[in-house]
Amino acid sequence: MREIVFDTETTGLDPRNGDRLVEIGCIEMINRVATGNVFHAYFNPDRSMPSEAEAVHGLSEAFLADKQRFHERVDELLEFIGDAPLVAHNAGFDFGFLNAELEFCERMAVSMDRMVDTVAIARRKHPGAKLSLDALCTRYGIDRSHRTKHGALLDAELLAQLYVELTGGRQIGLELAAEAAVPVARAAAAPVQVDRPFREPRPHFASEDELAAHSAFIATLTDPIWDMGVAQPLNRRR
């Protein structure tokens with residue numbers, strides 16, 4: 001199964017108020033394993049960058065000034081995501097900005113049926129817990145020490161690891177490893193063929209001399225227990 005894990009950075013919180021998409025990072029996963037194929041782009045939003053937003057992701061107007069506009073990369077982006085499910089953290093936010101940009105380009109919106117929200121998954125799995133990307137990475141031991149500011153591709157990479165953990169990826173990996181080990185186990189259990197000469201089995205019954213020696217020894221015993229009646233040993237104990 002092909003899935004795309006993605007994240008966005010923006011000029012603000014609401015595209016209906018004129019906020020724009022300025023960065024997108026997409027990670028391709030096949031059967032919950034990252035393939036190494038990514039799509040990453042910065043966009044010139046053709047508007048100012050509020051200081052509050054720049055403090056979050058560090059993308060300034062000067063940095064974005066020479067970047068392409070969204071409509072210049074839209075075909076490449078759409079080709080990359082194809083018809084795969086799209087995984088995002090608080091996915092409604094990212095879908096809102098993505099579809100707003102597609103509307104500006106007069107392109108068809110991405111269906112919300114394709115949305116996989118890791119916040120919703122985490123809420124069901126850990127009710128009452130903190131659900132931020134940072135908090136969940138800490139919970140699952142995902143290293144984010146290199147994350148000093150938000151970045152779409154970096155956050156998508158962290159989210160891909162988190163998504164695997166939230167959906168039982170370690171257990172899936174163990175199952176696959178166990179299946180792979182089956183041929184090895186079967187090979188180890190196969191009989192070993194050794195070229196040895198055939199020998200007749202040795203007899204395991206007593207010889208006439210051994211039987212005679214045993215009878216002679218029994219004759220020396222006084223009142224052996226196996227030769228008494230049931231009442232005799234009880235009377236002797238009294």
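Reading the values: rules and limits
Residues numbered from 1 in each chain as written. Predicted model: local features only at pLDDT ≥ 70, side-chain atom pairs only at ≥ 80, totals over all residues. Heavy atoms only, no water. Axes fitted to C-alpha atoms, helices over the stretch in contact; angles between N-to-C directions. Helix = DSSP H or I, 4+ residues; strand = E, 2+ residues; numbered from the N terminus. Left-handed = near helix turned anticlockwise from the far one by under 90°. Contact = heavy atoms within 4.5 Å. pLDDT = per-residue confidence, 0-100. Pairing = 2+ DSSP bridges. Buried < 20%, exposed > 50% of the residue type's maximum accessible area, 1.4 Å probe, protein only. Polar contact = N/O pair within 3.5 Å; in protein donor to acceptor, adjacent residues only side chain to side chain. Salt bridge = Lys/Arg side-chain N within 4 Å of Asp/Glu carboxyl O. 1 Å grid on protein atoms, 1.4 Å probe; cavity = no way out; pocket = protein on both sides within 12 Å on 5 of 7 lines; lining within 4 Å. Points joined across faces, edges and corners; volume = space filled by probe spheres on them. Nonpolar A, V, L, I, M, F, W, Y, C, P; charged D, E, K, R; others polar.

(A) Summary view of the packing of helix 5 (residues 118–125) against helix 7 (residues 152–166). The contact between helix 5 and helix 7 brings their axes to 11 Å, and the two run at 35°. By crossing handedness, the relation of helix 5 to helix 7 is classed as left-handed. Two secondary-structure elements touch here, helix 5 through Thr118, Ile121, Ala122 and Lys125 and helix 7 through Leu159, Tyr163, Glu165 and Leu166.

(B) A look at the confidence of the model for the chain. Residues at a pLDDT of 70 or more form 78% of the chain, whose mean pLDDT is 85. Taken as a whole, residues 172–192 scores under 50 in pLDDT and shows 1 contact with residues more than four places along the chain or in a different chain. The model gives residues 230–238 a pLDDT under 50, and that stretch makes 3 contacts with residues more than four places away or in other chains.

(C) Spotlight on the sheet that holds strand 3 (residues 33–42). What the 5 strands build is an open sheet, ordered 3-2-1-4-5; its pairing is mixed. Where the open sheet ends on each side, the last strands, each with one partner, are strand 3 and strand 5 (115–117). Direction aside, the axes of adjacent strands within the sheet are offset by 25° on average. Relative to strand 5, strand 4 (residues 86–88) is paired through 3 bridges, and the arrangement is parallel.

(D) Representation of the side chain of Glu28 in the model. Locating Glu28 in the fold gives a position in strand 2 (residues 21–30). Classification of Glu28 by relative accessible area gives buried; the value is 10%. Within the local environment of Glu28, its side chain forms a polar contact with the side chain of Arg2, the two groups lying 2.6 Å apart. Separated by 2.6 Å, the side chains of Glu28 and Thr35 make a polar contact. Among all residues touching Glu28, those that are not within four sequence positions of it are Arg2, Glu3, Ile4, Val33, Ala34, Thr35, Asn37 and Phe80.

(E) Structural detail: the environment of Asp155. Take Asp155: it is sitting in helix 7. C-alpha separation for the pair Asp155 and Glu9, spaced 146 residues apart in sequence, amounts to 9.9 Å. The residues contacting Asp155, other than those within four sequence positions of it, are Asp7, Glu9, Leu133, Arg147 and His150.

(F) Representation of the pairing of strand 3 in the model. Relative to strand 3, strand 2 runs antiparallel, the two being bridged by 7 bridges. By the bridge assignment for strand 3, Gly25 is matched with His40. Between the antiparallel neighbours strand 2 and strand 3 lie 2 residues, among them Asn31 with a positive phi of about 50°.

(G) Representation of the pattern of salt bridges within the structure. Inspection of the entire model under this criterion finds 10 salt bridges. Note that Asp19 is salt-bridged to Arg47, the shortest N-O span being 3.2 Å. Of the two residues, Asp19 sits in the loop between strand 1 (2–10) and strand 2 while Arg47 sits in the loop between strand 3 and helix 1 (51–57), which places them 28 residues apart along the sequence.

(H) Fine view of the layout of surface pockets. Taken as a whole, the largest pocket holds about 510 Å³ of empty space. Elements represented by at least two residues in the lining of the largest pocket include exactly strand 1, helix 1, helix 4 (91–104), helix 6 (133–139) and helix 7.

(I) Structural view of empty space enclosed by the protein. Under the defined criterion, the tally for this structure stands at 1 cavity of 30 Å³ or more. There is about 40 Å³ of room inside the largest cavity. Lining the largest cavity, in full, are Phe6, Ile24, Cys26, Leu77, Ile81, Leu86 and Leu98. Breaking the lining of the largest cavity down by element, the ones donating at least two residues are strand 2 and helix 3 (70–81). Partitioning the lining of the largest cavity into residue classes produces 7 nonpolar, no polar and no charged.

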